[in-house]
Amino acid sequence: MISAVHNRSKTFFLTGILITLGYYIPYFINGENSYIQILDNLDSTIAYLNVLKENGTLFNTEVPFPAMEGLKVSNIAYCFLPRLLLVDTFNPFTSYILNELIGRLIGFTGMWLFLTRYLLKESKHRTIVSFLTSLCFSLMAYYADYGLSVMGQPLLAYAFLNLKEEKQKISSYLIIIFVALYSSLVLAGVFIGITLFAYYLYLKIKNKKTYRPYVTGFCILVLTYIISNYSLFVDFLSPVISHRTEIIYSSSLRETITRSLEMLKVTQIHTGSLPVIFILFYIFLIYIHDKQIDSKVRFLLKVIATILLWYLIFNLLKYAFPKAHILTMFQSDRFYFLLPFLWLCVTALLFDKIVSYKYGRYLLLTAFTLLVGVAFWINPEYKNNLKQLCGINISEPTYRQFYDTRLFDDIHGVIGDDSDSNKVACLGFFPSVAQYNGFYTLNGYFQNYPLTYKHTFRKVIAGELEKSAERKAYYDRWGSRCYLYSSELQGDLWGKDKQGEVRNLEIDTTTLKELGCTYLFSAVNIRNYQELGLQYIGTYTTPTSFWEIKVYKVGEKPQDRNC
């Protein structure tokens, strides 16, 4: 009997692994013609890592990064050792997909272990419920370049519960080290640590025990985070003032409250997109049926409510004191990175209740299908890749089209390969495209860079900022996207099919030249390029390109030449 149960459990586990692997069939078929999320992926991290690899600086944080004067590799704050090893071993696209796949497999495995060994240990339905809940976790959209910041949480919880029970200590310590090396201290590590410490205090007060293995594990977690993020601490002590000191909270009271309430619909996009509203709907139905809610569910809901309340309070404080740098330098509301894991713990307990009802298996499969189906529906990356498989055109570029190495090789052939002397600025498309292709860019998207550079670059775009109050506030109050802006353009995705054009671009090309700019790459025509002292070099594209890049050489304005 025990052997049969074990074999059944093993079958479900392996089936879950195969389904998680099957998620990547569209990516395997499409290859680099797959669509990859642009926000905080193609527009930043993927390009940065490729630049570091090409320059041989993946593991050297103290060297300059070839963009925006004064920027160092440490400013990128990318400390996930396993991800760096993948980048060093494989090409950029393959390393990205492998990184995401590893995260999903660890997410499924960790959730499976946590549920079967602890949360649902006493349930006779734990196998099927753990299987379905773990799939909900491993198949949701998430930001893979945040490593195991979200996907590693169940495995970490499993390891610490092992230590609490004083079993499997060596393997649990190794799990803790691995997750810490593969996750973000700033995004999730701090908040995971606070939660684990609070749980320890609760255990110690309740049971009057020391739990030495647990304390040892916690110390290992903290020490690993400190060692792997040493450059972050060095930068914190640096005399260079960050542009983040000028960040001013600019949302209205209505936007602040609305954003908080939206977390009751879907978890925050960077943490993994989970349709919470369906989970709340299941809670409501169970309450109607049973006239009560399980004590474990009530406890988890209280924890979730506390996180959501703190998120609201913190953002209300930023609204009330928009210039309080202590509130803008570090987002202490990021406990919301714990929400996908916590909501799925609730889901597991709800599934376990549903399956015990009459026709429980059918109800369980229905609830699971709805939850996963909506999770796929709100995942634009996967929807676009399915469209690609079906031969349906998508409006945004694929991975290959976005970086378009063939097109930029042609441009390199025209202006030369000397990145030290050829510094460029980009208009109408993301600077990460040029960075990926080996160009030193004077604009870019960075979460931490010198404030002096922000002020200097503002002189370049001051004329355009004055035309748009929205763009002016966006740059002055935030500024992480240090881009060339035009009031005539909306966004930075101007493909050749749009035939975009700027009639009157007001930028200070004198300051741009002083920054070392030799060429301006534009995805749109600049009608007044001669007035700006720009020399038109040519237009470059290929039959399969998304972009059509106009190359202008930066010279002197006519009035400058007359002086």
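Fair warning: this is a prediction, and the values are worked out from it, not measured in the lab.

(A) The arrangement of the overall build of the protein in detail. Summing up its helical and strand segments, the protein has 26 helices and 9 strands in all. A principal-axis box enclosing the C-alpha atoms of the protein has dimensions of 90 × 50 × 45 Å. Long-range contacts, defined here as pairs at least 24 residues apart, represent 74% of the contacts in the protein between residues at least 6 apart. For the protein, the exposed surface amounts to about 25500 Å²; the carbon and sulfur share of it is 61%. Positive and negative charge centroids in the protein, built from 54 and 43 side chains respectively, lie 14 Å apart.

(B) Geometry of the sheet that holds strand β8 (residues 534–540). Taken in spatial order, the 5 strands of this open sheet run β2-β1-β6-β9-β8, and their pairing is mixed. Looking along the sheet, the strands with just one partner apiece sit at the ends: β2 (440–441) and β8. Lying over the sheet, helix α21 (residues 405–415) contacts β6 (517–522), β8 and β9 (549–554), oriented at roughly 25° with respect to β9.

(C) Up close: the nonpolar core. One finds Phe-65, Phe-351, Phe-457, Leu-520, Phe-521 and Trp-547 to be the most contacted residues of the largest nonpolar core, which totals 179 residues. With 13 residues, the top contributor of residues to this core is helix α6 (residues 92–119). Not counting residues within four places of it along the chain, the set of residues in contact with Leu-520 comprises Ala-425, Leu-427, Leu-484, Ile-507, Leu-512, Ile-526, Leu-534, Lys-550, Val-551, Tyr-552 and Val-554.

(D) A nonpolar patch on the surface, seen in detail. The grouping of Leu-253, Ile-257, Leu-261, Leu-264, Leu-280 and Tyr-319 at the surface amounts to a nonpolar patch, some 480 Å² of accessible area in total. Within the element layout of this structure, Leu-261 appears in helix α13 (residues 253–262).

(E) Here's a closer look at the pairing of strand β1 (residues 423–427). A large share of β1 lies buried, amounting to 4 of its 5 residues. Where β1 meets β2, 2 bridges bridge the pair, whose relative direction is parallel. Paired with Val-424 across the strands is Thr-441, a residue of β2. Once you follow β1 into helix α22 (residues 431–436) and on to β2, the crossover reads as right-handed. By the bridge criterion, 5 bridges tie β1 to β6 in an arrangement that is parallel. Residue pairing for β6: Cys-426 is matched across the bridge by Phe-521.

(F) Highlighting the pairing of β9. Counted residue by residue, β9 has 5 buried out of 6 residues, so it is predominantly covered. Across 4 bridges, the pairing between β6 and β9 is antiparallel. Within β9, the position partnered with Tyr-519 by the bridge is Lys-553. Where β8 and β9 come together, 6 bridges link them in antiparallel fashion. Across the sheet, Tyr-540 pairs through a bridge with Ile-549, a residue of β9.

(G) How the structure looks around the pattern of salt bridges. In this structure the tally under the stated criterion is 14 salt bridges. A salt bridge links Glu-32 to Arg-400, with the nearest nitrogen and oxygen atoms 3.8 Å apart. Of the two residues, Glu-32 is situated in the loop between α2 (25–30) and α3 (38–42) and Arg-400 in helix α20 (residues 399–403); the sequence distance between them amounts to 368 residues. Residue classification places Glu-32 among the partly exposed residues on the basis of a relative accessible area of 27%. Taken together, the shared-partner salt bridges in this structure form one network comprising Glu-464, Lys-467 and Glu-506.

(H) Summary view of the packing of aromatic side chains. For the structure on display, the rule yields 51 aromatic pairs. The interplanar angle of 50° and the centroid separation of 5.7 Å between the aromatic rings of Phe-429 and Trp-547 together place this pair among those described as tilted. On the criterion of sequence distance, the pair formed by Phe-429 in the loop between β1 and α22 and Trp-547 in the loop between β8 and β9 is long-range, its members being 118 residues apart. Taking relative accessible area as the criterion, Trp-547 reaches 0% and is therefore assigned buried. Chaining the aromatic ring pairs together yields one cluster made of Phe-93, Tyr-399, Phe-402, Tyr-403, Phe-408, Phe-429, Phe-430, Tyr-436, Phe-439, Phe-521, Phe-546 and Trp-547. In this arrangement the basic side chain of Lys-454 is found over the ring face of Tyr-475, its NZ or CZ atom lying 5.7 Å from the centre.

Procedures and definitions
Residues numbered from 1 in each chain as written. Predicted model: local features only at pLDDT ≥ 70, side-chain atom pairs only at ≥ 80, totals over all residues. Heavy atoms only, no water. Helix = DSSP H or I, 4+ residues; strand = E, 2+ residues; numbered from the N terminus. Contact = heavy atoms within 4.5 Å. Areas by Shrake-Rupley, 256 points an atom, 1.4 Å probe, with all protein chains shown as cover. Lys, Arg positive; Asp, Glu negative; His and termini not counted. Charge placed at Lys NZ, Arg CZ, Asp CG, Glu CD. Pairing = 2+ DSSP bridges. Axes fitted to C-alpha atoms, helices over the stretch in contact; angles between N-to-C directions. Core = buried A, V, L, I, M, F, W, Y, C linked by side-chain atoms within 4.5 Å. Buried < 20%, exposed > 50% of the residue type's maximum accessible area, 1.4 Å probe, protein only. Patch = residues over 30% accessible without salt bridge, like charges linked within 9 Å, V, L, I, M, F, W, Y side chains within 5 Å. Salt bridge = Lys/Arg side-chain N within 4 Å of Asp/Glu carboxyl O. Right-handed = clockwise from strand over helix to strand, strands pointing away. Phe/Tyr/Trp six-rings, centres within 6.5 Å; stacked < 30°, edge-to-face > 60°. Lys NZ or Arg CZ within 6 Å of the ring centre and 35° of its normal.

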